[in-house]
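One-letter residues, chain by chain:
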Amino acid sequence: MNTLAATELRSDTFTKPTPNMLTAMMNAAVGDDVFGEDPSINALEQMAANMFGMEAALFCPSGTMTNQIAINVHTQPGDEVICEEGSHIFYYEGGGIGRNSGCQARLIKGNRGQITAAQIAEVINPDDVHRARTRLVSLENTCNRGGGSCYNLNEIAEIRNLCNAHGLSLHLDGARLMNAIVAQNEDPLTYGKLFHSISLCLSKGLGAPVGSVLLGSKEFIKEARRVRKVMGGGMRQAGFLAAAASYALEHQVERLAIDHAHAKKLGMVLSELNWVDSVLPVETNIVIFAIKMPATVKQVSDYLLQYNIRVSAMSSTQIRMVTHLDVTPEMIDFVIEKLHDFSM
Ligand SMILES: *Cc1c(COP(=O)(O)O)cnc(C)c1O
């Protein structure tokens, strides 16, 4: 058993509620949300919708569920969903596109997870009985497997124009959208105008213990509420969780800049180490780097684990580190010291 305090860099999902967040949770007014009577959930949904200038919102247990509900509401069985090949909706949701909605994915290889309007235009199917009906485009911002990369808003605007021209819906997996907004100094309202639906995780860097919100039009969210119930995601007195989420949106957005600075510091050090092959550009709170042979991902991970520094394997040659509110400046310095000490 390692007695050093853990430096948890595997994911920003490991964040624990702060004392003030716990107080907000303890004081939450609750009711039965399936009856629409949980005041804390209603307040969170209203706040999130207002923040993005969307008509309505729906609180769900996870980001996988908000994404899967969105796909289900936007499509009919047999339709095609355009997304990037490493996108969470395709890569990490257990085959949910096919399983939950009977749709198939049309994959595009992006640049650090990002796809362009030109690439999408090439894979929209013509109206032909042989072809699946293209129905939905889904983007991810920030892109997890792209190393936390951020989209350029002009590119998204072009994609939206293309979707309009072809009658397609545009969904955003914004699990870490607040990281992009803080890093790029953007206005959430811009995103509300560009997308038909947005999924936002409260349980990642924002620091709430559980939950995601789905944003969209009134009509869209009404249908989404029905699908959430079918999927078993209708919760009762979940206002305790919504209170944590509201607290996160009110108090823990701006501080994401600290996580970004920590990640940049790690990225800079890594790029100078002789056993590191390359580091993906660090734009937010994710650092993905490739190890140089003969060192292996396992060697490096096991070495760091001796000091209770936890990282995750992204591929056979890549390691991912994610910074968040439970990673202190002292921990970052400690990690840097240990990275310097590693030798093949
Ligand atoms: C974490 C994540 C999600 C949702 O994950 P849950 O664990 O189901 O909340 C969705 N998209 C991306 C890009 C993510 O990183």
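Values in this document were obtained by computation on a predicted structure and should not be read as measured data.

Q: Looking at this structure, how should I read the site of the ligand?
A: Taken together, Ser-62, Gly-63, Thr-64, Asn-67, His-88, Glu-140, Asp-173, Ala-175, Arg-176, Cys-201 and Lys-204 make up the full set of residues near the ligand. Within the side chain of Asp-173, one N or O atom sits 2.6 Å away from a nitrogen atom of the ligand. Interatomic distance of 2.8 Å between a side-chain N/O atom of Lys-204 and an oxygen atom of the ligand. Bound to the protein, the ligand loses 84% of the 380 Å² it would expose on its own. At 3 residues, the largest contribution of residues to the shell around the ligand is made by helix α3 (residues 63-74). Of the residues that constitute the shell around the ligand, the class distribution is 2 nonpolar, 5 polar and 4 charged.

Q: Sorry, what's going on with the packing of aromatic side chains here?
A: The way to describe two aromatic rings as a pair is by their centre distance and the angle between their planes. Counted according to the given criterion, the structure contains 7 aromatic pairs. Taking 6.4 Å as the distance between ring centres and 70 degrees as the angle between the ring planes, the aromatic pair formed by Trp-275 and Phe-289 counts as edge-to-face. You can see Trp-275 sitting in the loop between α12 (256-271) and β9 (276-279) and its partner Phe-289 sitting in strand β10 (residues 286-291), a full 14 residues away along the chain. The pair formed by Trp-275 and Phe-289 is uniform in burial state, with each residue classed as buried. Between the aromatic rings of Tyr-303 and Tyr-307, the centroid separation amounts to 5.5 Å while the plane-to-plane angle is 70 degrees, which identifies the pairing as edge-to-face. Given a relative accessible area of 23%, Tyr-307 falls into the partly exposed group. Positioned above the aromatic ring of Tyr-307, the side-chain terminus of Lys-338 is 4.4 Å from the ring centre.

The rules behind these values
- Per chain, residues are indexed from 1 in the order of the written sequence.
- In keeping with the model being predicted, local features are shown solely for residues with a pLDDT of at least 70 and side-chain atom pairs are shown and tallied solely at 80 or more, while totals for entire chains, interfaces and linings include all residues.
- Think of the side-chain values as coming from all heavy atoms in the structure, minus any hydrogens and water.
- For this purpose, a residue is taken to be near a molecule or strand whenever a single non-hydrogen atom of the residue falls within 4 Å of it.
- Polar contacts, as used here, are pairs of N or O atoms within 3.5 Å; protein pairs need one atom able to donate a hydrogen and one able to accept it. Residues neighboring in sequence count only if both atoms are side-chain atoms.
- Reported accessibility uses the Shrake-Rupley method at a 1.4 Å probe radius. Residues are deemed covered only where the shown protein chains occlude them.
- Every helix listed is a DSSP run of H or I at least four residues long, and every strand listed is a run of E at least two residues long, numbered separately from the N terminus.
- Here the nonpolar group is Ala, Val, Leu, Ile, Met, Phe, Trp, Tyr, Cys and Pro; Asp, Glu, Lys and Arg are the charged ones; every other residue, Gly included, is treated as polar.
- Paired rings are identified among Phe, Tyr and Trp, the last through its six-membered ring, by centres lying within 6.5 Å, and are further divided according to the angle between planes into stacked (under 30 degrees), edge-to-face (over 60) and tilted (the rest).
- We call a residue buried when its accessible area falls under 20% of the maximum for its residue type, exposed when it is over 50%, and partly exposed in between, using a 1.4 Å probe and counting protein chains only.
- Note on geometry: a ring has a charge over it if NZ (lysine) or CZ (arginine) is within 6 Å of the ring centre and within 35 degrees of the ring normal.

Any functional reading would require information beyond the geometric quantities listed.
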